[in-house]
Amino acid sequence: MIRRGNAINTSTLAKLATFVLFGLATACGGGGGGGGATGPYTGTLYYVDGNMPNDNGNGLQPATARKFIHTAVADATPPATILVNAGDYRLSSALGTQVKLKQDVSLYGGFNADFSQRDPATYITTIEDRSTAAGDPVTPNRAMEGDGSSVAITSSTIVDGFTIEGSTQAGPSFTAAIVLSNGAAPTIQNNIIHGGSGANLSYGIRDATSSPTIQNNTIHGGSGSSSHGIDNEGAGSSPTIQNN
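Being a predicted model, the structure only gives us computed values, none of them experimental.

**Details of the overall build of the protein**
Within the protein one finds two helices and 18 strands. Taking the intrachain contacts of the protein between residues at least 6 apart in sequence as the baseline, contacts between residues at least 24 apart amount to 77%. Of the accessible surface of the protein, which amounts to about 9800 Å², a share of 54% is contributed by carbon and sulfur atoms.

The following block contains the structure:
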């Protein structure tokens, strides 16, 4: 469901249909594709491996991979591409560890352990918010965010091949997988996106006065009392939404 304006409760039938589509896309890996570290990547390559014992590596090769996605993005020098291997990357927006997109720093998931193969259907890479704080409607708990207020985030910033999930923990009233604001315009493609289970509202993607390209994803609003696949807010919002 694409929402603009007042909340619309999702019907039981629509929830069931979306859940089925989400399950099918999980089996298909949500797209992505590309073999190994030879894809359409730009800039410096960085690596993230959740099995590393610590986050002390420089990330410039698999043997010195970073452990956390959010720190790899924060420390990457643009232009850059961050390759992430399979695993469940748990974080908490209540603690400030959500993935914060950066201009010209792209993220590609779905790699095997040594980064020699890429198949998001097989090597599932999950970014999962584990927040338990309540959150609020404007800044819900979230796994990923893009804020263009300081530095513009354009379509050259790509997120591809992940499963991105809002919090399903007890406590949150407002959850989202991705929150975009203040003119952020990244390319969100080939992902499986689930809004979580906020007691009041859940969003797959909350787009507030931004212009992202959202394509070839499977998007589920979540299981909040009012859930929305894409919540498009603000007079300046002009997203491109296709083939989802």
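**Quick word on unusual backbone geometry**
Along the chain, Pro78 connects to Pro79 via a cis peptide bond; the corresponding omega equals -10°. Relative to the helices and strands, Pro79 is located in the loop between helix H2 (69-75) and strand S3 (80-85). A positive phi angle is found at Asn182, which is not glycine, with a value near 55°. With respect to the helices and strands, Asn182 occurs in the loop between strand S11 (174-181) and strand S12 (187-189). A relative accessible area of 43% means that Asn182 is categorised as partly exposed. Unlike most non-glycine residues, Asn243 shows phi in positive territory, near 60°. Mapping Asn243 onto the fold places it in the segment after strand S18 (240-242).

**Focus on the nonpolar core**
Core analysis: the largest hydrophobic core is formed by 32 residues, its most contacted members being Ile69, Ile82, Val99, Leu107, Met144 and Ile178. Contributing elements (two or more residues each) for this core: strand S2 (44-48), H2, S3, strand S4 (87-91), strand S6 (105-111), strand S8 (141-147) and S11. Not counting residues within four places of it along the chain, the set of residues in contact with Ile178 comprises Met144, Ile164, Ile188, Ile193, Gly204, Ile205 and Arg206. In terms of nonpolar packing, the next biggest core, distinct from the first, is built from nine residues, Tyr47, Ala65, Tyr108 and Phe115 among them.

**Comments concerning the pairing of S8**
On a regular strand, each side chain points to the face opposite its neighbour's, so the side chains alternate between the two faces of the sheet. S8 sits mainly inside the fold: six of its seven residues count as buried. Strand direction decides the pairing type here: strand S5 (residues 99-100) and S8, joined by two bridges, are parallel. Bridge assignment links Lys100 to a residue of S8, and that residue is Glu145. When S8 meets S11, the two strands line up parallel, connected through six bridges. Note that in S11 the partner of Met144 across the bridge is Ile178.

**Here's the deal with the confidence of the model for the protein**
Looking at the protein, pLDDT values average 88 and 85% of them are 70 or higher. Overall, residues 1-34 carries pLDDT values under 50, and its contacts beyond four positions in sequence, including any with other chains, amount to 60 contacts.

**A look at the sheet that holds strand S13 (residues 192-194)**
With parallel pairing, five strands are arranged side by side in an open sheet as S4-S7-S10-S13-S16. Strands at the two margins of the open sheet, each flanked by one partner only, are S4 and strand S16 (218-220). Neighbour to neighbour, the strand axes of the sheet diverge by 10° on average, direction disregarded. The sheet contact formed by strand S7 (residues 125-129) and strand S10 (residues 163-165) spans three bridges and is parallel. By the bridge assignment for S10, Ile127 is matched with Ile164.

**Digging into the packing of aromatic side chains**
Pairs of aromatic rings are described using the distance from one ring centre to the other and the angle between the two planes. Taken as a whole and judged by the stated rule, the model has four aromatic pairs. Residues Tyr41 and Tyr108 carry aromatic rings whose centres are separated by 4.8 Å and whose planes lie at 65° to one another, so their mutual orientation is edge-to-face. Remark: Tyr108 occurs in strand S6 and Tyr41 occurs in the loop between helix H1 (12-28) and S2; sequence separation between them is 67 residues. Overall, Tyr108 belongs to the buried group, its relative accessible area being 5%. Ring geometry for Tyr41 against Phe111: centres 6.5 Å apart, planes inclined by 55°, an arrangement best described as tilted. Of this pair, Tyr41 sits in the loop between H1 and S2 while Phe111 is found in strand S6, placing the two residues 70 residues apart along the sequence. Given a relative accessible area of 14%, Tyr41 falls into the buried group. One aromatic cluster in this structure is built from Tyr41, Tyr47, Tyr108, Phe111 and Phe115. Against the face of Tyr203 rests Arg206, its NZ or CZ located 5.7 Å from the ring centre.

Cut-offs used in this document
Here the residue index of a chain counts from 1 through its sequence in written order. Side-chain atom pairs in this predicted model are given and counted only at pLDDT of 80 or more, local residue features only at pLDDT of at least 70, and totals for whole chains, interfaces and linings cover all residues. Neither water nor hydrogens contribute to the side-chain values; these are computed over all heavy atoms in the structure. To qualify as a helix, a DSSP run of H or I must reach at least 4 residues; to qualify as a strand, a run of E must reach at least 2; elements of each kind are numbered from the N terminus. In what follows, residue pairs with any heavy atoms lying within 4.5 Å of each other are defined as contacts. Areas reported as accessible are Shrake-Rupley estimates using a 1.4 Å probe. Residue values count occlusion only from the protein chains shown. Exposed residues in this analysis have more than 50% of their type's maximum accessible area, buried residues have under 20%, and partly exposed residues fall in between, with area computed by a 1.4 Å probe over protein chains only. Take the buried Ala, Val, Leu, Ile, Met, Phe, Trp, Tyr and Cys residues and link them wherever side-chain atoms come within 4.5 Å; each set so joined is a nonpolar core. Here, a strand pair is defined by DSSP locating no fewer than two bridges between the strands. pLDDT is a per-residue confidence score from the predictor, ranging from 0 to 100. To obtain an axis, a line is fitted to C-alpha atoms, over the contacting stretch when the element is a helix, and the angle between two such axes runs from 0 to 180 degrees between their N-to-C directions. Here is the rule: rings of Phe, Tyr and Trp (six-membered ring for Trp) pair when centre to centre is within 6.5 Å. Planes less than 30 degrees apart are stacked, more than 60 are edge-to-face, and the remainder are tilted. A ring has a charge above it when a Lys NZ or an Arg CZ is no more than 6 Å from the ring centre and no more than 35 degrees off the ring normal.

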